[in-house]
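Given next are the chains, with one letter for each unit.
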Amino acid sequence: MSFILPELGFKFDALEPHIDARTMEIHYSGYHAKYAQKFNEALENTELNTKTEKDLFGEISKHNDDIRNNGGGFYNHKLFWTLLSPEPQRIRDRKLSDSINKYFGSFNEFKNEFSSMAAEINGSGWVWLIQMNDNELVITTTPNQDNPLMDVVLIRGTPILCLDVWEHAYYLKFQNRKTEYIDTFWNIINWKKVEELYNQLNV
Ligand code: MN3
């Protein structure tokens with residue numbers, strides 16, 4: 001195994017009442033673990049497992065759908081867990097909040113745009129806040145398990161925040177009430193991690 005399933009970092013029930021324990025357990029132990037296993041299987045007997053995810057995704061159009069779907073599923077969830085926090089948080093970093101204001105007008109406008117784009121995803125996919133090379137912040141969506149590091153998406157950039165909008169992420173608790181799931185996400189964002197990712201690029 002060259003790509004290892006990371007620890008979740010908190011207990012399955014840690015995000016209650018926002019995300020229920022059973023959903024987290026199935027999402028992590030069922031879905032994410034399976035993506036990790038299948039990603040490694042897809043890379044077996046190839047030269048690719050020495051590459052970083054970023055390098056692999058940068059040329060994902062050259063590879064088969066097993067690598068694309070399972071590689072995306074592995075990486076996207078790995079990032080997503082780090083962006084969730086059982087402790088309520090707010091943005092403390094001035095550079096990040098200034099940047100959100102610059103590109104979206106205000107935090108509320110950013111939040112509304114992110115939430116609307118999540119709600120408008122038809123079928124399974126993800127919504128992302130990405131950072132471009134010039135530090136511009138952009139909200140974008142991807143279908144299935146694609147992500148903004150892949151050379152097959154329209155808008156490429158480095159993800160600093162994401163939300164899983166597959167039904168498996170919320171259906172047990174929210175059923176058809178997708179917008180309630182999207183709304184509750186704002187209670188559990190790990191802004192410290194978002195700031196860390198933002199500042200890795202903004203040097
Ligand atoms: Mn998922």
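Residues numbered from 1 in each chain as written. Predicted model: local features only at pLDDT ≥ 70, side-chain atom pairs only at ≥ 80, totals over all residues. Heavy atoms only, no water.

A. View of helix α5 (residues 107-119). With 13 residues, α5 extends 18 Å between its outermost C-alpha atoms, agreeing within 8% with the 18 Å of an ideal straight helix rising 1.5 Å per residue. Among all positions of α5, only Phe 110, Phe 114, Ser 115 and Ala 118 are buried. With its buried residues spanning 125° around the axis, α5 presents them on a single face. The secondary structure elements touched by the buried residues of α5 are α4 (94-104), β1 (125-131), β2 (137-143), β3 (158-164), α7 (178-185) and α8 (191-201). (Helix = DSSP H or I, 4+ residues; strand = E, 2+ residues; numbered from the N terminus. Expected span 1.5 Å × (residues − 1). Buried < 20%, exposed > 50% of the residue type's maximum accessible area, 1.4 Å probe, protein only. Arc of directions from axis to C-beta. Contact = heavy atoms within 4.5 Å.)

B. Quick peek at the coordination of the manganese ion. Around the manganese ion, the protein supplies His 27 (NE2), His 77 (NE2), Asp 164 (OD) and His 168 (NE2) as donor atoms, at distances of 1.9 to 2.1 Å. Here the donor residues of the manganese ion are spaced in sequence according to H-x49-H-x86-D-x3-H. Of this pair, His 27 sits in helix α1 (residues 21-43) while Asp 164 sits in strand β3; the two residues are 137 residues apart in sequence, bridging distant segments of the chain. Both residues of the pair, His 27 and Asp 164, count as buried. (Donors = N, O, S within 2.8 Å, 3.2 Å for Na, K, Ca; no water.)

C. Quick peek at the pairing of β2. The element β2 is largely enclosed, with a buried count of five among its seven residues. Here β1 pairs with β2 via seven bridges, running antiparallel. Counted as the bridge partner of Ile 130 is Val 138 from β2. Here β1 folds back onto β2 in antiparallel fashion, the turn holding five residues, of which Asn 135 has a positive phi close to 75°. (Pairing = 2+ DSSP bridges.)

D. Highlighting helix α3 (residues 65-82). Taking 1.5 Å of rise per residue, the 18 residues of α3 would be expected to cover 26 Å, and the 26 Å separating its terminal C-alpha atoms lies within 8% of that figure. Taken residue by residue, α3 has Ile 67, Asn 70, Gly 71, Gly 72, Gly 73, Phe 74, Tyr 75, Asn 76, His 77, Leu 79, Phe 80 and Trp 81 as its buried positions. Contacts from the buried residues of α3 go to α1, α2 (53-58), β1, β3, α7 and α8. N-cap assignment for α3: the residue whose side-chain oxygen lies 3.1 Å from the backbone N of Asp 66 is Asn 64. (Polar contact = N/O pair within 3.5 Å; in protein donor to acceptor, adjacent residues only side chain to side chain.)

E. Local environment of the packing of α1 against α3. In the contact formed by α1 and α3, the axes pass within 8 Å of each other and the chain directions differ by 140°. By the angle between their directions, the pair α1 and α3 is classed as oblique. Handedness of the α1/α3 crossing: left-handed. Counted together, Met 24, His 27, Tyr 28, His 32, Tyr 35, Ala 36, Lys 38, Phe 39, Ala 42 and Leu 43 of α1 and Asp 66, Ile 67, Asn 69, Asn 70, Gly 71, Gly 73, Phe 74, His 77, Lys 78, Phe 80 and Trp 81 of α3 form the full contact between these two elements. Here the residues of the contact of α1 with α3 are counted per class, giving eleven nonpolar, seven polar and three charged. (Axes fitted to C-alpha atoms, helices over the stretch in contact; angles between N-to-C directions. Parallel < 35°, antiparallel > 145°, perpendicular 65-115°, else oblique. Left-handed = near helix turned anticlockwise from the far one by under 90°. Nonpolar A, V, L, I, M, F, W, Y, C, P; charged D, E, K, R; others polar.)

F. Representation of the pattern of salt bridges within the structure. Evaluated as defined, the whole model comprises eight salt bridges. We note a salt bridge from Lys 51 to Glu 59, for which the minimum N-O separation is 3.6 Å. Judged by relative accessible area, Lys 51 falls into the partly exposed class, the value being 32%. Note on Glu 59: relative accessible area 18%, which makes it buried. Note that Glu 180 is salt-bridged to Arg 177, the shortest N-O span being 3.1 Å. Of the residues examined, Glu 180 reaches a relative accessible area of 37% and is grouped as partly exposed. Owing to a relative accessible area of 33%, Arg 177 belongs among the partly exposed residues under this scheme. (Salt bridge = Lys/Arg side-chain N within 4 Å of Asp/Glu carboxyl O.)

Function cannot be inferred from these measures alone, as they are strictly geometric.
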